[in-house]
Amino acid sequence: MLSKPASFKMTLGHSDSKTTQDDTFTLTSSTQIWKSKISWRITLAVFLTFMAVQAGILNVTISDVEREKLYGIEQIAQAAIAPAIDISAYIERKNPISDTQVRNILAKTPVKGFTIVDSSLNYIQSSGDLTILTLLTQESLFQTHRSADGDAYEFVFPDNPLAPSYYIVARVDSSNVQGQVTDYVIQSILIMLCLSGFVTAVLMIALSRWLLEPILFMRKNLMEASENPENPDIPTSPFNPNDEIGSTIQITQQLIQQNADNLRHLRASAEDEIHKLAYYDTLTALPNRTFFLQAMSDKMGTSANGQTKRFTVVTLDLDHFKDINDSMGHNVGDAILRGVGKRLRAALPESATVSRSGEDEFAILMPLSTDLNKSRDVAERIRNVIRGEPFKVFNEEFQIRCSIGVSTFPDDGREPALVLKNADIALNRAKEEGRDTIKEYSEDFDRAVQERFQMLRDLRDALENDKLSVHYQPQLDLKTGKIIGAEALLRWWKEDNSKEGGKFVSPAEFIPVAEQSGLIVPIGEWVMEKACRTAHEWKKKHGIEIRIAVNVSPMQFTQSDLVTYTKDV
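Report follows, based on the coordinates. (Residues numbered from 1 in each chain as written. Predicted model: local features only at pLDDT ≥ 70, side-chain atom pairs only at ≥ 80, totals over all residues. Heavy atoms only, no water.)

What the rule picks out here adds up to one cavity of 30 Å³ or more. Space inside the largest cavity adds up to approximately 40 Å³. Every residue along the wall of the largest cavity is listed here: Ile425, Asn428, Arg429, Glu432, Phe445, Val449 and Arg452. Of all the secondary-structure elements, those providing two or more residues to the lining of the largest cavity are α12 (416-432) and α13 (443-464). In terms of residue count, the dominant contributor to the lining of the largest cavity is α12 (four residues). Taken together, the residues of the lining of the largest cavity break down into three nonpolar, one polar and three charged. (1 Å grid on protein atoms, 1.4 Å probe; cavity = no way out; pocket = protein on both sides within 12 Å on 5 of 7 lines; lining within 4 Å. Points joined across faces, edges and corners; volume = space filled by probe spheres on them. Helix = DSSP H or I, 4+ residues; strand = E, 2+ residues; numbered from the N terminus. Nonpolar A, V, L, I, M, F, W, Y, C, P; charged D, E, K, R; others polar.)

Laid out in structure tokens, this is it:
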């Protein structure tokens, strides 16, 4: 079934705006149809096909028309010659047509000449132009001849009631036959062009109404969907949804709408997932460090009465948590982390923000109220939550302890990142002083951290610029008084602007810094090589072999292949 035109549907009770929209689409599509490549291809194909069929018919009918015109001339010639024949002349063997009649025939009819023979094909009379056809046999009675230029045509009309016992070869003027045939061809071509144009136009209008307009409408929908896939502006289809094309458009619009709904759903889901990944910890479902800092920025403002709100920031680290992971496996460790997160979230008020800021580190932001008006009170409450009951995982109980660092806003800083950093500094001090303790931030902690970082930079510079030295404490044989060995001792002379030009830094100060930073490994290797070279030089210069003892840090056993390196040195 063909789709109904849009104008037919407008009578079914559509609103004025809908009617205007349909009219606009019809006008727009009508102008686009004549610009459509497929429209012109269909039109050209139909037009050429129709012309080809008409040309084939014309080619067949041209010869029939020519024969028809020649037959008309034959009838005129027979009508002019046959009545002029004198039947009695056959008996007397005279010319059957008198000279006077011959002149009248040649002057007043298309006949240019003729030849008369009797029934035995004996020549009797010839008048006018000579004829080409020669009647020698009975078969030759059915011959015709036309001159090369088409101006003369010869035929035989045999015995007939008006002229019995005679056969006449007539030569007639056929010069106008070609013109008549040409006129027929021209007229037929004009009729073909008009008819082909009319049929093509009718077909074009039908196709535009029932096929091209729906295609253009559907194409416009698809282009709109491709440009704005999530919120396509798709107008209501003006085509009948009960036929093939209308139902196809309806299905297409439904698919476009479904695709838009799916894309919006996917975008919303993706945005939620991205938000979770960006701001939440996947293991505990708690906010992460990024969210925590943002929450601090949002909450650390001024109250309605203009006073600065006070908050405490608590950071905690589970003591010896790595030992649990290494001995019991990460599944147990993950379960404990989830348990700690749930316990903190359940024990603290809604106003508190609990986040997981590191592998086994948590950070809590909590406003200071009249009930808990001190940061240390908050920290004590959190420590009691962790130390309360053992954590049960896979029928095992684990007593967890934690180190806690505390800072207060705005006392210890007015920037969220600074307040959190200060809580971390306090946490590190708590771990350095034996763990399972609470430390509130102090500026002394910050200075100590800065001094440690400065010492680390200076120590690295001393190693790179050969400012370290090795002193040797001798080991003596008390019986002989000979040196039998020595202990290599690392010393660092640090230059400064004092009167002495510098001072020795105690190994008790810089060795822990080197161990914490991992710099102890290259320093220990340098001491090892220095001691071996010194022993070699003593043997070469003094001829004595001295065993040298080199102190080795535990970090060197875990971070380097000490045996292989010693052997290579």
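As a further point, take the packing of aromatic side chains. In total, this model carries eight aromatic pairs according to the counting rule given. Ring plane angle 75 degrees and centroid distance 6.3 Å describe the contact between Tyr279 and Phe291, whose orientation is recorded as edge-to-face. In this pair, Tyr279 sits in helix α7 (residues 244-279) while Phe291 sits in helix α8 (residues 289-299), placing the two residues 12 residues apart along the sequence. Classification of Tyr279 by relative accessible area gives partly exposed; the value is 23%. Judged by relative accessible area, Phe291 falls into the partly exposed class, the value being 22%. On the numbers, 5.4 Å between centres and 40 degrees between planes, the contact of Tyr280 with Phe291 is tilted. One end of the pair, Tyr280, is in the loop between α7 and α8; the other, Phe291, is in helix α8, and 11 residues separate them in sequence. An aromatic cluster of at least three residues, connected via ring pairs, comprises Tyr153, Phe155 and Phe157. Above the ring of Phe391, the side-chain terminus of Arg343 is found at 3.8 Å from the ring centroid. (Phe/Tyr/Trp six-rings, centres within 6.5 Å; stacked < 30°, edge-to-face > 60°. Buried < 20%, exposed > 50% of the residue type's maximum accessible area, 1.4 Å probe, protein only. Lys NZ or Arg CZ within 6 Å of the ring centre and 35° of its normal.)

Leu316, Ile336, Leu344, Ile364, Ile382 and Ile404 are the most contacted members of the largest nonpolar core, which has 31 residues in total. Taken together, the elements giving at least two residues each to this core come down to β6 (311-318), α9 (321-328), α10 (330-347), β8 (361-367), α11 (375-387), β9 (391-393) and β11 (402-409). The residues touching Ile364, leaving out its near neighbours within four places in the chain, are Phe292, Thr312, Val313, Val314, Leu316, Leu344, Leu348, Thr353, Val354 and Ile382. By size, the runner-up hydrophobic cluster in this structure holds 26 residues, among which are Leu70, Ile105, Ile116 and Val185. (Core = buried A, V, L, I, M, F, W, Y, C linked by side-chain atoms within 4.5 Å. Contact = heavy atoms within 4.5 Å.)

Let's shift gears to the pairing of strand β2 (residues 123-128). In the sheet, strand β1 (residues 111-118) pairs with β2 via five bridges, with the strands oriented antiparallel. Note on β2: the bridge partner recorded for Phe114 is Ser127. The hairpin turn running from β1 into β2, its antiparallel successor, is four residues long, and Leu121 in that turn takes a positive phi close to 70 degrees. (Pairing = 2+ DSSP bridges.)

Another aspect to go through is the sheet that holds strand β5 (residues 166-173). Taken in spatial order, the five strands line up as β2-β1-β5-β4-β3 in an open sheet, and their pairing is antiparallel. What marks the edges here is a single partner per strand, and that holds for β2 and β3 (145-146). In the sheet, strand β4 (residues 152-157) pairs with β5 via six bridges, with the strands oriented antiparallel. From the neighbouring strand, Val156 faces β5, where its bridge partner is Val169. In the packing of helix α3 (residues 37-81) onto the sheet, the strands contacted are β1, β3, β4 and β5, and the crossing angle to β4 comes to about 60 degrees. (Axes fitted to C-alpha atoms, helices over the stretch in contact; angles between N-to-C directions.)

Together, Ile186, Ile189, Leu190 and Leu193 make up an exposed nonpolar region whose accessible area comes to about 330 Å². Along the chain, Ile189 turns up in helix α6 (residues 175-227). (Patch = residues over 30% accessible without salt bridge, like charges linked within 9 Å, V, L, I, M, F, W, Y side chains within 5 Å. Areas by Shrake-Rupley, 256 points an atom, 1.4 Å probe, with all protein chains shown as cover. Salt bridge = Lys/Arg side-chain N within 4 Å of Asp/Glu carboxyl O.)

In this section: the side chain of Ser375. If you trace the backbone, Ser375 turns up in helix α11. Discounting residues that sit within four places of it in the chain, Ser375 has contacts with Thr312, Leu368, Val406, Ser407, Thr408 and Glu440.

Summarising the sheet, strand β13 (residues 468-476) and strand β14 (residues 483-495) pair through nine bridges and their orientation is antiparallel. Of the residues in β14, the one forming a bridge with Val470 is Leu490. What sits between the antiparallel neighbours β13 and β14 is a turn of six residues, in which Gly481 has the positive phi angle 80 degrees. Here β14 pairs with strand β16 (residues 547-550) via four bridges, running parallel. Bridge assignment links Gly485 to a residue of β16, and that residue is Arg547.

By themselves, these observations are geometric and do not establish any function.
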